[in-house]
Amino acid sequence: LAVDGAYAYDVSGFAPIRHVFTPGSTMKAIVMAIALDQELVSPQESFQTFAPKGVVVRDGRSARHIREALGAPEESHIPATEGLAHSVNAVLVQIGLRVPAPVLRSKLLSLGYGSRPEIGLGPESGGHVPVLDRHGSWSRVYAHASVCFGHEVGVTLWQHATALATLARGG
């Protein structure tokens, strides 16, 4: 059951290794683990939630407003652990932006994102991890911030389950 997929339409190939989706907030656990592993955040460190308006990410002249889903905490500050537990975009963006883009991308690739698993069960997709720009980074406002809450990344169920299992096993 863990590697099966149910679809309303016929699909070709083995769905967990073939079909790519945006992981959304489930990627926040991976981003938090990478930041913890890099010693760029401590679990009890306090972060501003920017409640209820959301956070504005800036880089020079560029700015982007990132909002929260309904039901986000309304406290002005919460610990990193609560930011993850309550899936607070503002907190995870602040944490993820501490990880240099080349490091974050490298860690995602080392977890299997962006490459085919080569397990021999049919056609496989490699998913998508944004490439670095010509300066060796990502746009802080768009790509980098988006990856922190699971957007701009395309994963297969197999890749994501493997990475989350690695996290659950302690690396």
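Note that this is a predicted model, so its numbers are computed, not measured. (Residues numbered from 1 in each chain as written. Predicted model: local features only at pLDDT ≥ 70, side-chain atom pairs only at ≥ 80, totals over all residues. Heavy atoms only, no water.)

### Concerning the pattern of salt bridges
Note the cut-off: Whenever a carboxyl oxygen of Asp or Glu lies within 4 Å of a side-chain nitrogen of Lys or Arg, that contact is scored as a salt bridge. The way it works is that DSSP assigns letters per residue, a run of H or I at least four long becomes a helix, a run of E at least two long becomes a strand, and they are numbered from the N terminus. Burial classification: accessible surface area is computed with a 1.4 Å probe over protein chains only, and a residue below 20% of its type maximum counts as buried, one above 50% as exposed, and the rest as partly exposed.
Enumeration over the complete set of coordinates arrives at two salt bridges. For the salt bridge of Lys107 with Asp37, the shortest nitrogen-to-oxygen distance reads 3.8 Å. Taken together, the residues span a long stretch of sequence, with Lys107 in helix H5 (residues 101–110) and Asp37 in helix H2 (residues 28–37) at a distance of 70 residues. The exposure class assigned to Asp37 is exposed, which follows from its relative accessible area of 53%.

### Side note on the packing of helix H4 (residues 89–96) against helix H6 (residues 140–148)
To describe two helices that pack against each other, one gives the angle between their axes and the distance between the axes. Filter applied, for reference: Convention adopted: a line fitted to C-alpha atoms gives each axis, helices being fitted over their contacting stretch, and angles between N-to-C directions are expressed from 0 to 180 degrees. Each crossing gets its hand from how the near helix is turned against the far one by less than a right angle, where anticlockwise is left-handed and clockwise is right-handed. A contact between two residues is defined here by any heavy atoms of the two lying within 4.5 Å. Side-chain classes follow a simple rule in which Ala, Val, Leu, Ile, Met, Phe, Trp, Tyr, Cys and Pro form the nonpolar group, Asp, Glu, Lys and Arg form the charged group, and the remainder, Gly included, forms the polar group.
For the pair H4 and H6, interaxial distance at closest approach is 8 Å and the crossing angle is 115°. Read as a crossing pair, H4 and H6 show a hand that is right-handed. Residue-level contacts link Leu92, Val93 and Gly96 of H4 to His144, Ala145 and Cys148 of H6. Looking at the contact of H4 with H6 residue by residue, the classes come out as four nonpolar, two polar and no charged.

### What to know about the nonpolar core
Soluble globular proteins: nonpolar side chains tend toward being buried together. To keep it simple, the criterion reads: For the purposes of this section, nonpolar cores are sets of buried Ala, Val, Leu, Ile, Met, Phe, Trp, Tyr and Cys residues that join through side-chain atoms within 4.5 Å.
In this structure, Met27, Val57, Val93, Ile95, Leu108 and Tyr113 are the most contacted members of the largest nonpolar core, which totals 36 residues. Going through the elements one at a time, H2, strand S3 (55–59), H4, H5 and H6 are the ones with two or more residues in this core. If we ignore the near neighbours within four places in the chain, the residues touching Ile95 are Met32, Ala35, Val41, Phe47 and Ala80.

### Quick notes on the environment of His151
Within the secondary structure layout, His151 lies in the loop between H6 and strand S6 (155–156). Apart from residues no more than four positions distant in its own chain, His151 is found in contact with Thr22, Gly24 and Ser146.

### Regarding H2
Those residues of H2 not exposed but buried are Lys28, Ile30, Val31, Met32, Ile34 and Ala35. Residues of H2 that are buried in the fold lie against helix H3 (80–85), H4, H5, H6 and helix H7 (157–168). Phi turns positive, to about 60°, at Glu39, one or two residues after H2.

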